[in-house]
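# Structural description and commentary
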Amino acid sequence: GMLTRWLAGALLFTFGFGSAVLAKLPKTAAASQEGVVEGNLKYVDGDDFRLVYPPGEKTEYLVVVTHTAGTKPDAAPQISTLSGLAIYPKKNLDRLTVYRVTPLLLWHGGSIGKCDGDDFCPLPPPPPPPDTGATFLKPGS
């Protein structure tokens, strides 16, 4: 807003005309929002959208993004797995949804096991439609 531009100008004037970084700091700081999705999963809404997930957790999340009609993500894999940090550029980003993934049952080599939270039982989602990308977000390593 106008106050942000005025502050940037005042900072630039005060510290000299040599640093463009000083001019950008107030705008970024004012525009960036942080919050908690749940537990230790946090988001940072700034120049891009970030999900931050520190180590020590068991829950996994599935993040599904939809891009603006007629646009394609920039050579991003359709389904990927990330640990600790997921960064989503806002360009052509229409919608982003975070799902909690709770595995319930695992069949492996003829034996069936319940996933009670101690076992690691990943279950891949069905393939998303072409204009959608999906990310599994695991705790940081």
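Preceding this paragraph is the structure being described.
Conventions we followed
- Residues numbered from 1 in each chain as written.
- Predicted model: local features only at pLDDT ≥ 70, side-chain atom pairs only at ≥ 80, totals over all residues.
- Heavy atoms only, no water.
- Core = buried A, V, L, I, M, F, W, Y, C linked by side-chain atoms within 4.5 Å.
- Buried < 20%, exposed > 50% of the residue type's maximum accessible area, 1.4 Å probe, protein only.
- Helix = DSSP H or I, 4+ residues; strand = E, 2+ residues; numbered from the N terminus.
- Contact = heavy atoms within 4.5 Å.
- Polar contact = N/O pair within 3.5 Å; in protein donor to acceptor, adjacent residues only side chain to side chain.

## Describing the nonpolar core
- Residues Leu-41, Phe-49, Leu-51, Tyr-53, Tyr-61, Val-63, Val-65, Ala-86, Tyr-88 and Leu-137 constitute the largest nonpolar core, which totals 10 residues.
- For this core, the secondary structure elements donating two or more residues are strand 3 (48-52), strand 4 (60-67) and strand 6 (85-89).
- With three residues, strand 4 is the single largest residue contributor to this core.
- Once you skip the residues sitting within four places of it in the chain, Tyr-88 turns out to touch Asp-48, Phe-49, Leu-51, Val-63, Val-65, Leu-93, Leu-96 and Thr-135.

## Some details on the side chain of Glu-60
- Mapped onto the elements of the fold, Glu-60 is located in strand 4.
- Polar side-chain contacts of Glu-60 include one of 2.9 Å to the side chain of Lys-138.

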